[in-house]
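Secondary and tertiary structure notes
Spelled out, the chains give:
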Amino acid sequence: QVQLVESGGGLVQAGGSLRLSCAASGRTFSNYAMGWFRQAPGKQRELVAGISSGVYTYYADSVKGRFTISRDNAKNTVYLQMNSLKPEDTAVYYCSAGGTIATMNRGFWGQGTQVTVSS
């Protein structure tokens, strides 16, 4: 089992920045691909960014150049630095862990953290 706890969400004006953190406990963190999904009201949950157990990263087109995912295996934590935020980034952001980026949605989930971007 892997337990995931997100933090860092909040209310920010458009153009601002936030950094989300996801602290993991349980099995060996470094073996897992980690990622961030988000779900806006009335929309499906979507993958925003993922990072493999190695150095490979993935970003949705909508966040490329604005968001950066990183991990600190010594701290069992994955981060999502979000810059130049837009109102359409408003959503609940969920941390996920799985064997690969492609299979994270079948792995472990955090409880979510709300990000609200005002215009």
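Attention here is on the structure that accompanies the text.

Reading guide: rules and limits
- Residues numbered from 1 in each chain as written.
- Predicted model: local features only at pLDDT ≥ 70, side-chain atom pairs only at ≥ 80, totals over all residues.
- Heavy atoms only, no water.
- Pairing = 2+ DSSP bridges.
- Helix = DSSP H or I, 4+ residues; strand = E, 2+ residues; numbered from the N terminus.
- Axes fitted to C-alpha atoms, helices over the stretch in contact; angles between N-to-C directions.

**Here we look at the sheet that holds strand E7 (residues 67-72)**
If you trace the four strands from one edge of the open sheet to the other, you get E1-E3-E8-E7, paired in antiparallel fashion. Two strands lie at the open edges of the sheet, namely strand E1 (2-7) and E7, each paired on one side alone. Geometrically, the sheet is characterised by an average inter-axis angle of 15 degrees between neighbouring strands, direction not taken into account. Summarising the sheet, E1 and strand E3 (residues 18-26) pair through six bridges and their orientation is antiparallel. Opposite Gln3, over in E3, you have Ser25 as the bridge partner.

**Some points on the pairing of E3**
Sheet analysis places E3 next to strand E8 (residues 77-82), joined by six bridges and oriented antiparallel. Paired with Leu18 across the bridge in E8 is Met82.

The quantities given are spatial measurements derived from coordinates; they are silent on function.
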